[in-house]
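This is what each chain is made of:
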Amino acid sequence: MGARAVKVTLHKADRSNWRAIMKLELRADQREFVAAPGWSLAGCLVKRYGDEFEYVPMAICDGERVVGYVTIFANPNSADDYWVDDIMIDSAEQGKGYGRAAMNEVIRMFAREYPRCRKIQLTCFEANVAAAALYVSLGFRKNGRINEVSRQPDYELADAALEKFCRSPEKSPKNSADG
């Protein structure tokens, strides 16, 4: 029996979904890797990385059900200052392909909403082996920089690896339930 293809949608955090986002939980062994939803939402509110960025916290939904959240920030005046700040799938929903499906949607959203975007970046804790493997499978590569705050490696998706996502959704790398 084949695994069903997972389809998610991204919805900006708002009055209709913020409570569901706040109820999401990480596994205990993941809490050091990802900010809790409240911290992530607060960071957007105070523009923690500067005023030049647009901050977009979003619910990751399977139909009407919130299964995770992601926060991105973007400098629309640049070609390479586009970041996945936090991404989290609820502990009860992990292992079902939501992380891969969400990252595919986030990357396509960057390409669609920010035409100047030529590079997407993120930081991944070295001990977060599963997340790092997912990012690498999508085309992200370590860029040799260490994040100033977390002291962990930064990754980037650029050039041909990013261009793959700018085509039709069906051609995105491994757009399946195995992530």
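To be clear, the structure that these remarks concern was listed above.
Residues numbered from 1 in each chain as written. Predicted model: local features only at pLDDT ≥ 70, side-chain atom pairs only at ≥ 80, totals over all residues. Heavy atoms only, no water.

## Regarding helix 4 (residues 129-137)
Residues A131, A132, L134 and Y135 constitute the buried set of helix 4. Angular distribution of buried residues about the axis of helix 4 spans 160°; they occupy a single face of the element. Helix 4 presents V129 and A130 as exposed residues on the side facing more than 90 degrees away from its buried surface. For helix 4, the secondary structure elements touched by its buried residues are strand 4 (82-89), helix 3 (98-113), strand 5 (119-123) and strand 7 (153-158). Positive backbone phi, approximately 115°, marks G139, located one or two places after helix 4. (Buried < 20%, exposed > 50% of the residue type's maximum accessible area, 1.4 Å probe, protein only. Helix = DSSP H or I, 4+ residues; strand = E, 2+ residues; numbered from the N terminus. Arc of directions from axis to C-beta. Contact = heavy atoms within 4.5 Å.)

## Some details on the sheet that holds strand 5
The strand order across the open sheet built from 7 strands is 1-2-3-4-5-7-6, with neighbouring strands paired in mixed fashion. Each edge of the sheet is formed by a strand with only one pairing partner; in this case those strands are strand 1 (9-12) and strand 6 (141-146). With strand direction ignored, the average angle separating the axes of adjacent strands in the sheet is 35°. Set on the sheet, helix 3 makes contact with strand 1, strand 2 (54-62), strand 3 (65-74), strand 4, strand 5 and strand 7; between it and strand 4 the angle comes to about 155°. (Pairing = 2+ DSSP bridges. Axes fitted to C-alpha atoms, helices over the stretch in contact; angles between N-to-C directions.)

## Details of the side chain of N75
You can see N75 is positioned in the loop between strand 3 and strand 4. Given a relative accessible area of 12%, N75 falls into the buried group. Once you skip the residues sitting within four places of it in the chain, N75 turns out to touch E52, F53, D81 and Y82.

These values are about where atoms sit, not about what they do.
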